[in-house]
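Structural overview for review
One letter stands for each residue in the lines below.
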2 protein chains.
Amino acid sequence: MTRVDVNGVTEPADVCSTAMTAPETRNERKERTRRALLDAALRQASERGFAGLSLREIAKQAGVVPTAFYRHFESMDELGVTLVEESMRTLRTMIRGARNAPGGSADLIRASVRTLSEHVRSHEEHYWFLVRERYGGTGAVRQTIGVELKLLAGELAVDLARFDGLRDWSTDDLRMLADLIVSAMLATVLDLLEARPGSEAEITAEAERKLRLIFLGVPHWRSS
Amino acid sequence: MTRVDVNGVTEPADVCSTAMTAPETRNERKERTRRALLDAALRQASERGFAGLSLREIAKQAGVVPTAFYRHFESMDELGVTLVEESMRTLRTMIRGARNAPGGSADLIRASVRTLSEHVRSHEEHYWFLVRERYGGTGAVRQTIGVELKLLAGELAVDLARFDGLRDWSTDDLRMLADLIVSAMLATVLDLLEARPGSEAEITAEAERKLRLIFLGVPHWRSS
DNA sequence: AGATTGAGTGTACAGTCGTTCACTGAAAAT
DNA sequence: ATTTTCAGTGAACGACTGTACACTCAATCT
């Protein structure tokens, strides 16, 4: 029974002993350790921050010798970029989910916030990474997130343009509104991440109230 | 001429050669190197983040041997807390400045944003530190900032309670409004810090519009 | 069947890190 | 005038960092 179990990373108990598993081609194996490296990095970064990553610990947690890291990533920065892209994909998935929410515009806000909350809960590490590195990060990683976030605000602005009270808003005003919403929701995400398990409901409730307040101002806006 | 000049930290050219300077008591000297340590740490943290701090580099930049650090701080964490307190004092000074702005409630928003902008410009390192560690930080530092920020939102809520349309708002609603404002302004701070020198004006302009939009909703709010 | 590829291994090296310890020497206290 | 205090010194430690290099050996290609 030589089950290798490195630092809480449970190596799937397969490999040869049972005949029914793992025809596993070479590329599949490679992809698997690549994922293991990414997962280890993500977990570690969501705790200590990207700056506090250690190539050696990532490798150890992935069940691989340190030098093997370079078979998958040229440098730590490349891994960072990959992590940003991945987390951003997660975020975008969330937005799409909120967009296709059950039609009724009455409690569209409630539905959106609910979607956000659930998504954060089920992708905590990705959101930790995003929120952390958006502000705390260094160089390339932070800037990439910043750019992607502005891009995302742009998409949101387009979505908003379809709503009744917003049809005649200028592009610039829409973008401002989207930015405002994004920053408010980002703060909500952090609150959700830091919250002790019970208090989830009141956080989402407050998030809803913030959005409602913002949209209350919309009908009275005149672009000066 | 044995002028010691360590890594860009210019040692004031005093000490004995000119008779008119430096009676400098022992405590004064101590306080001076303490400040040098704090300044070095602050500068370094505003670039690489608090997690990326190195005791040795801080000491070097302060013109002192590494071990001397322990004469002033028991640990890195203690230095971190000191930095938080200091930066928070700066922030509070700003708030007070905005509160006592020239009375006219008409362009009170404009005045406040202007105060914010100027304050950020003249205390970049403190604001970098706060924004960075608020989200990116680890453990004690991040939590301390979070708590202080909530406290500050509380103060802001009290201030808001004095305004016309807000006199009958519940404490909870006021706090929500204050939170919303704080998160929006925090995003503005980051924008200001990252902005290339020219684009300062448009950022403050957008910040003003965001605040105006928020306050447009205020008269139509009814606490559900 | 034999040659090739390449993911993962193991060792080794040069740095940096925080921290310890015994010390120096001038300012402060006696 | 003598003793005490203590900010700053300098060497040494053990642990950890990223990275270079030569290696193995099973999956893949010819």
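The structure this text deals with has already been given above.
Overview of the structure.

Cut-offs applied
- Per chain, residues are indexed from 1 in the order of the written sequence.
- Whichever chain is written first becomes A and whichever ligand is written first becomes 1, with later ones labelled in order.
- Local features in a predicted model are, by the rule used here, given only for residues with pLDDT of at least 70; side-chain atom pairs are given and counted only at 80 or more, and totals for whole chains, interfaces and linings are based on all residues.
- Each side-chain value is derived from all of the structure's non-hydrogen atoms; neither hydrogens nor water enter the calculation.
- When checking whether two residues touch, look at their non-hydrogen atoms; a contact exists if any pair is within 4.5 Å.
- Summed over both partners, the accessible area lost on bringing two parts together, with a 1.4 Å probe, is the buried area.
- Counted as salt bridges are all cases of a side-chain nitrogen of Lys or Arg within 4 Å of a carboxyl oxygen of Asp or Glu.
- Pairs of N or O atoms are called polar contacts if they sit within 3.5 Å, as long as, within protein, a hydrogen donor faces a hydrogen acceptor (for residues adjacent in sequence, only side-chain-to-side-chain pairs).
- Secondary structure elements are taken from DSSP: a helix is a run of H or I of four residues or more, a strand is a run of E of two residues or more, and numbering for both begins at the N terminus.
- Working definition: residue near molecule or strand if any one of its non-hydrogen atoms lies within 4 Å of it.
- Classification used: nonpolar for Ala, Val, Leu, Ile, Met, Phe, Trp, Tyr, Cys and Pro, charged for Asp, Glu, Lys and Arg, polar for all others including Gly.
- The fit set for superposing copies consists of C-alpha atoms from residues with pLDDT of at least 70 in both; the fit itself is least squares.
- Expected helix span is taken as 1.5 Å per residue step, with the number of steps being one fewer than the number of residues.
- Classification of residues uses two cut-offs on accessible area relative to the type maximum, computed with a 1.4 Å probe and protein chains only: under 20% is buried, over 50% is exposed, and between them is partly exposed.

**A look at the interface of chain B and chain A**
If you look at the interface, chain B gives 38 residues, while chain A gives 38 residues. Roughly 3500 Å² of surface becomes buried between chain B and chain A when both sides are summed, with 59% attributable to carbon and sulfur atoms. Contact with chain A buries surface across chain B, with Tyr135, Arg209 and Leu213 of chain B losing the most and accounting together for 20% of the total. On the surface where chain B and chain A come into contact, there are nine salt bridges. Across the chain B-chain A interface, the total number found is nine residue pairs in polar contact (both at pLDDT 80 or more). Going through the elements one at a time, helix 1 (26–48), helix 5 (124–136), helix 6 (139–160), helix 7 (171–194) and helix 8 (200–217) of chain B are the ones with two or more residues in the side of chain B that touches chain A. When residues of the side of chain B that touches chain A are assigned to their parent elements, the largest contribution, twelve residues, is made by helix 7 of chain B.

**What about the protein's contact with DNA strand C?**
Residues in close proximity to DNA strand C total 20 residues, the closest being Thr33, Arg71 and His72 of chain A together with Arg56 and Tyr70 of chain B. Here the atoms of DNA strand C within 4 Å of the protein split so that 44% fall in sugar or phosphate, with bases taking the remainder. One of the side-chain N or O atoms of His72 of chain A is found 2.6 Å from a phosphate oxygen in DNA strand C. Going through the elements one at a time, helix 1 (26–48) of chain A together with helix 2 (55–61) of chain B are the ones with two or more residues in the surface near DNA strand C. By residue class, the composition of the surface near DNA strand C is seven nonpolar, six polar and seven charged.

**Some details on the relation of the copies chain B and chain A**
At an RMSD of 0.1 Å, chain B and chain A line up after a rotation of 180° and a shift of 0.0 Å along the axis. Look at the turn and shift together and you get a two-fold axis relating the two. Mapped onto chain A, 100% of the interface residues of chain B again fall at the interface, so both copies present the same surface.

**A look at the protein's contact with DNA strand D**
Near DNA strand D you find 19 residues, and of these Thr25, Arg56 and Tyr70 of chain A together with Arg71 and His72 of chain B are the closest. Close to the protein, within 4 Å, the atoms of DNA strand D belong to sugar or phosphate groups at a rate of 43%. In the model, a phosphate oxygen of DNA strand D is placed 2.9 Å from a nitrogen or oxygen of the Ser54 of chain A side chain. Interatomic distance of 3.2 Å between a side-chain N/O atom of Lys30 of chain B and a phosphate oxygen of DNA strand D. Class assignment for the residues of the surface near DNA strand D results in six nonpolar, six polar and seven charged.

**Observations concerning the pattern of salt bridges**
Residue and element names in this part refer to chain A. For the structure shown, the criterion picks out 41 salt bridges over all chains. Here Arg32 makes a salt bridge to Glu24, at a shortest N to O gap of 3.1 Å. Each of the salt bridges in this network shares a partner with another, and the network as a whole consists of Glu24, Arg29 and Arg32.

**What to know about helix 7 of chain B**
Given a rise of 1.5 Å per residue, 24 residues ought to cover 34 Å, and the 35 Å separating the end C-alpha atoms of helix 7 of chain B matches this to within 8%. Of all 24 residues in helix 7 of chain B, 20 are buried; the element is thus mostly enclosed.

**Concerning the side chain of Arg142 of chain A**
Within the secondary structure, Arg142 of chain A sits in helix 6 (residues 139–160). A polar contact of 3.2 Å, which involves the side chain of Arg142 of chain A, links it to the backbone oxygen of Gly137 of chain A. Apart from residues no more than four positions distant in its own chain, Arg142 of chain A is found in contact with Glu133, Arg134, Tyr135 and Gly137 of chain A together with Trp128, Arg132 and Glu194 of chain B.

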